[in-house]
Amino acid sequence: MIGPLDVDWGYTAGMTDIAHDEPSDDERWMRLALEEAAAAAKAGEVPIGAVIVCGGEMMARGRNRREADADPTAHAELVAVRLAARALGRWRLTGCTVYVTLEPCPMCAGALHAARIDRCVFGAVDPKAGALGTLYDIASDERLNHRYQVTSGVLAEESAALLKSFFARRRHAHGEPEALEG
Ligand SMILES: [Zn+2]
């Protein structure tokens, strides 16, 4: 199997920041985050995935591992943040963008603040826990000592469809009521 790092994305070393900010690039990275989300669903986890990109290169990818790790903090973004910091050898993720399929919860939005991330791109909004504009707006809260850019709605339909079909299957299998927990 070809790993994501082996794929030629068509980037060159001279790629500018402007090119990196094109919506098409956001969609391209979000597709990888969606792959992670789909893999989470296959493993019986709520399908949420994340990718961290720094200087046009993918530093880390993560998926929700809450059940597998029996860890309430094993959200996709946090898994990816830890891996990216390890890969970079620093706790500051300055210069990095995180792509996540669902709007981060307060814990994850806070972790992105703590990591001094530059930017967060997310897919679907989370009416029950969203902390980047829905329930809270941690990224632009001027009381905090770091703020980061937010872009929402990138491939939101795909993200929402994964979540919907996951919960529909689980309801069907267990007769459970629908509950979206991010
Ligand atoms: Zn979270």
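Residues numbered from 1 in each chain as written. Predicted model: local features only at pLDDT ≥ 70, side-chain atom pairs only at ≥ 80, totals over all residues.

1. Observations regarding the nonpolar core
Formed by 48 residues in total, the largest nonpolar core has its most connected members in Ile52, Ala80, Val98, Tyr99 and Cys120. Of all elements in the fold, only helix H2 (23-42), strand S1 (49-54), strand S2 (57-63), helix H4 (76-88), strand S3 (96-102), helix H5 (106-114), strand S4 (119-124) and helix H6 (156-174) reach the threshold of two or more residues within this core. Per-element tally for this core: the top contributor is H2, with seven residues. For isoleucine 52, the contacting residues outside a window of four places in its chain are Met59, Ala60, Ala80, Val81, Ala84, Leu93, Cys96 and Val98. (Core = buried A, V, L, I, M, F, W, Y, C linked by C-beta atoms within 7 Å. Buried ≥ 20, exposed ≤ 12 C-beta atoms within 10 Å, placed from the backbone. Helix = DSSP H or I, 4+ residues; strand = E, 2+ residues; numbered from the N terminus. Contact = placed C-beta atoms within 7 Å.)

2. Some words on the confidence of the model for the chain
Of the residues in the chain, 84% reach a pLDDT of 70 or more, and the chain-wide mean stands at 88. For residues 1-18, every residue scores under 50 in pLDDT, and the model assigns this stretch nine contacts once sequence neighbours within four places are set aside. (pLDDT = per-residue confidence, 0-100.)

3. Description of unusual backbone geometry
Not every positive phi belongs to a glycine, and arginine 116 is a case in point at roughly 55°. Relative to the elements of secondary structure, arginine 116 occurs in the loop between H5 and S4. For leucine 155, which is not a glycine, the phi torsion comes out positive at approximately 55°. Looking at the element boundaries, leucine 155 is found in the loop between strand S5 (149-151) and H6. Judged by local crowding, leucine 155 falls into the buried class, with 21 C-beta atoms found within 10 Å.

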